[in-house]
Number of protein chains: 2
Amino acid sequence: MDQFKNIRIKDVAELAGVSVATVDRVLHKRGKISEKAMTKVMEALEKTGYKPNLIASTLGSNKVFKIAAMLPNPALDDYWNQSGSGIFKATEEWAQYNVRIEPFYFNLYDKKSFQQVSQKVIDFKPDSVLLAPVHYHEALDFFAELKKLEIPYVIFNTNIQEADPLCFIGQDLYQSGRVGAEMLATKLGKKGNILVLHIYEETENAIHVKEKERGFRDYFANNNLNDFTIESFEFPDFNDAVFIRELQQILSKQQVDGIFVPTSKWTHLTALVLDKTGQKDIALVGYDLLKDNIHYMYEGIINFLIHQNPRKQAVKGIGYLVNYLLFKKQPPLSDLFPLEIITRENIKSYIHSDLN
Amino acid sequence: MDQFKNIRIKDVAELAGVSVATVDRVLHKRGKISEKAMTKVMEALEKTGYKPNLIASTLGSNKVFKIAAMLPNPALDDYWNQSGSGIFKATEEWAQYNVRIEPFYFNLYDKKSFQQVSQKVIDFKPDSVLLAPVHYHEALDFFAELKKLEIPYVIFNTNIQEADPLCFIGQDLYQSGRVGAEMLATKLGKKGNILVLHIYEETENAIHVKEKERGFRDYFANNNLNDFTIESFEFPDFNDAVFIRELQQILSKQQVDGIFVPTSKWTHLTALVLDKTGQKDIALVGYDLLKDNIHYMYEGIINFLIHQNPRKQAVKGIGYLVNYLLFKKQPPLSDLFPLEIITRENIKSYIHSDLN
DNA sequence: GTTCAAAATGTTTGCGCACACAAAGATATA
DNA sequence: TATATCTTTGTGTGCGCAAACATTTTGAAC
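Residues numbered from 1 in each chain as written. Chains lettered and ligands numbered in written order. Predicted model: local features only at pLDDT ≥ 70, side-chain atom pairs only at ≥ 80, totals over all residues. Heavy atoms only, no water.

**Side note on helix H6 (residues 111–124) of chain B**
Residues and elements named next belong to chain B.
Next, step 1: In this model H6 runs 20 Å from its N-terminal to its C-terminal C-alpha over 14 residues, within 8% of the 20 Å that 1.5 Å per residue would give.
Next, step 2: All buried positions along H6 are accounted for by Ser113, Phe114, Val117, Ser118, Val121, Ile122 and Phe124.
Next, step 3: Packed against the buried residues of H6 are strand E1 (65–72), strand E2 (99–106), strand E3 (128–131) and helix H7 (136–148).
Next, step 4: Capping of H6 at its N-terminal end is provided by Asp110; its side-chain oxygen lies 3.0 Å from the backbone amide nitrogen of Lys112. (Helix = DSSP H or I, 4+ residues; strand = E, 2+ residues; numbered from the N terminus. Expected span 1.5 Å × (residues − 1). Buried < 20%, exposed > 50% of the residue type's maximum accessible area, 1.4 Å probe, protein only. Contact = heavy atoms within 4.5 Å. Polar contact = N/O pair within 3.5 Å; in protein donor to acceptor, adjacent residues only side chain to side chain.)

**So, the pairing of strand E4 (residues 153–156) of chain B**
The side chains of a regular strand alternate, residue by residue, between the two faces of the sheet.
Residues and elements named next belong to chain B.
Next, step 1: Here E4 shows two buried faces, one formed by Tyr153 and Ile155 and the other by Val154 and Phe156.
Next, step 2: Where E3 and E4 come together, three bridges link them in parallel fashion. Each residue of the ladder has a partner; that of Leu131, found in E4, is Ile155.
Next, step 3: Regarding topology, H7 serves as the crossover connection from E3 to the parallel E4, and that connection is right-handed.
Next, step 4: The pairing of E4 with strand E5 (residues 167–170) spans three bridges and is classified as parallel. Bridge pairing in E5 places Phe156 opposite Ile169. (Pairing = 2+ DSSP bridges. Right-handed = clockwise from strand over helix to strand, strands pointing away.)

**Quick notes on the protein's contact with DNA strand C**
Next, step 1: Looking at DNA strand C, there are 25 residues lining it, with Ser19(A), Arg25(A), Ser34(A), Arg30(B) and Tyr50(B) nearest.
Next, step 2: Across the atoms of DNA strand C situated within 4 Å of the protein, the share located in sugar and phosphate is 72%.
Next, step 3: One nitrogen or oxygen atom from the side chain of Ser34(A) is found 2.5 Å from a phosphate oxygen belonging to DNA strand C.
Next, step 4: Here Arg30(B) contributes a side-chain N or O atom positioned 2.4 Å from a phosphate oxygen of DNA strand C.
Next, step 5: Elements represented by at least two residues in the surface near DNA strand C include exactly helix H2 (20–28) and helix H4 (54–61) of chain A together with helix H2 (20–28) and helix H4 (54–61) of chain B.
Next, step 6: By residue class, the composition of the surface near DNA strand C is 10 nonpolar, 10 polar and five charged. (Near = heavy atom within 4 Å. Nonpolar A, V, L, I, M, F, W, Y, C, P; charged D, E, K, R; others polar.)

**A short note on helix H3 (residues 35–48) of chain A**
Residue and element names in this part refer to chain A.
Next, step 1: Taking 1.5 Å per residue as the helical rise, H3 with its 14 residues ought to reach 20 Å, and the 20 Å between its terminal C-alpha atoms agrees with that figure.
Next, step 2: For H3, the full list of buried residues reads Ala37, Val41, Ala44, Leu45 and Thr48. Buried positions in H3, seen along its axis, are confined to an arc of 100° and lie on one side of it. Facing away from the buried side of H3, by more than 90 degrees, are the exposed residues Glu35, Lys36, Glu43, Glu46 and Lys47.
Next, step 3: Along its buried surface, H3 packs onto helix H1 (9–16) and H2.
Next, step 4: Immediately downstream of H3, the backbone of Gly49 shows phi near 65°, a positive value. (Arc of directions from axis to C-beta.)

**Structural notes on the domain arrangement of chain A**
Residues and elements named next belong to chain A.
Next, step 1: What the domain assignment lists for chain A is domain 1 (9–52), domain 2 (61–170 + 311–338) and domain 3 (173–307).
Next, step 2: Distance from the C-alpha centre of domain 2 to the C-alpha centre of domain 3: 30 Å.
Next, step 3: With 15 residues of domain 2 at the interface, the matching set in domain 3 holds 11 residues.
Next, step 4: Around 960 Å² of area is buried between domain 2 and domain 3 when both sides are counted, 55% of it from carbon and sulfur atoms.
Next, step 5: Summed over the shared surface of domain 2 and domain 3, the number is zero salt bridges.
Next, step 6: Our count for the contact surface shared by domain 2 and domain 3 stands at three residue pairs in polar contact (both at pLDDT 80 or more). (Domains from an automatic or database assignment. Buried area = accessible area lost by both parts, 1.4 Å probe. Salt bridge = Lys/Arg side-chain N within 4 Å of Asp/Glu carboxyl O.)

Have a look at this one:
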């Protein structure tokens, strides 16, 4: 058999001695088929090694797939802004195909908003959904609804054990904390006093923080780095001014050699304080390539950033969904991104390549 | 205008008051067109915002594109083995499209082999070529030939100024050296004696090494790290045994605190020596996620690896070519990959995610 | 054997585009 | 003015598949 000649449905049909429609019925398990025809077709499929031409398939079906992308409002937060730009990039990337990607934004700090927007998503009647499930209980309800409607979904950024999605895209948070610890330990050498800075959160983000801190502490424990002290501070709320004032107080009272900030936003606020008080010698490890973080890294105040790559998470999430819908390609159950270490010398290479 | 109804060539044609063939001629710049028709069509294209349906386009053209991927034999070298696996992945990825990807392997150390294989590539009559041009002069001849035949090509791994390719994929070598220096300096603290280990090479790889070393030294100079000493050793040839023996000698004679090895293969040979002599306290910075390097990183002998991501370079190279051939999408002139820093704590996250 | 509905199978069209082919229009030549 | 030649424009078919639509076969009831 000529391996370079594609086998079409027509070829299979001829070999099986039936019409193309019968083969089509077998392939798509639709309509009724006699046992005799079924076996004949199956044999022909086997013998020819038929592979559907997915290009022709999508063209022929002429269906427009609708994908809903649901995430926190990018306008209100630089981290989610990057996710948003990923959605936008994916939209462009798949524009040529029969795919329509619709963004749905909710308020990060408002569970009600999450519920309302998820209802809007349902009303949109999407063929599949990409979702950042930052509100645990509300997300579970939403998942249940999606399952009932048999709408497949991919989640990113935040994992939820019971979610049972097509795929989860994100990072290993525990290990991420360990990487942060490793960097800080490398920078500080043999000993030092370390601060871990939290903000109290109600969202699933709290789990991010906890897991990262667990990994962070475990690193020191597992490597018998007993000459380090690690102290955690949890700030009560999201008020920038309060955070800045209290952190200044803490830093004025005690000797601090290094700081680990497990979230992106508070990373640059911490840097701002260090900049203000002129304590540039304190090693700072934080998260993500946000505009402000980039600035403070150039300034030499932030020493290491761990890149969660929100943009790429979004792009890949949409990619998995499109491939699933159009090309029946099953994504991996989970896609854990590499824990990228950003420094002053490699940050530019990341910023540039992020555009591709 | 209904934004959800796709605009087809037919629609554009009707609006412009011409036939679909005329629009087709404008779109593909083929055949002759009167100025009047041209402007009418252009206007109609503008007004409708016509976007070609690439699915239909590839189906309609029904042409099989042949891409030749020319690189050093993956069986002989673990680094190039990863490039090879990238080619393989790309082959699978694009199998559904009308693309045939054919690998062509040459001997890394044999210019004659490069010439012979490049002739084979020409005979294959590819529609485009992906190439790792490790032999300078031979590559130039090959580029000239490809240009004459109007075969577009993308180069990766090694850049050649005069190459004039569709796109170069690789890394900023100078900056890469700076990152290595940064890591070593962070690890060592304020002072130390550093070795840079080279092997004399005839291929374009020599440029890799030189640029990396330049960046490496510049980092120390620019940051006034004057308490470090940096000494380079160039080993005469590719003999493993000689390398090991001589390195042992050097290490027994002088106090060494850190070593920078700008190439992947000699990274793990250096690690082998350090392992053998029990000098685990010497900081070692090298290149790439090769099997042996991974091993020595787990062992704690290699401290940092800079990941050049040969696999992804190959995948992306093919991707650019396919997009260019099938979808007329122009790749960027150069795609410089991020300078990824690998450590003991994040290495697993890289190995896992490399599979996706 | 008819009749009739359900079951099984077959035929055809359209998806949007590329491209071969056909036709018409413009210009030059005799 | 007729004819040849080149230029410009238009028509039709096929790519492989999905799905609507059309036809034949089967078998049960009379």
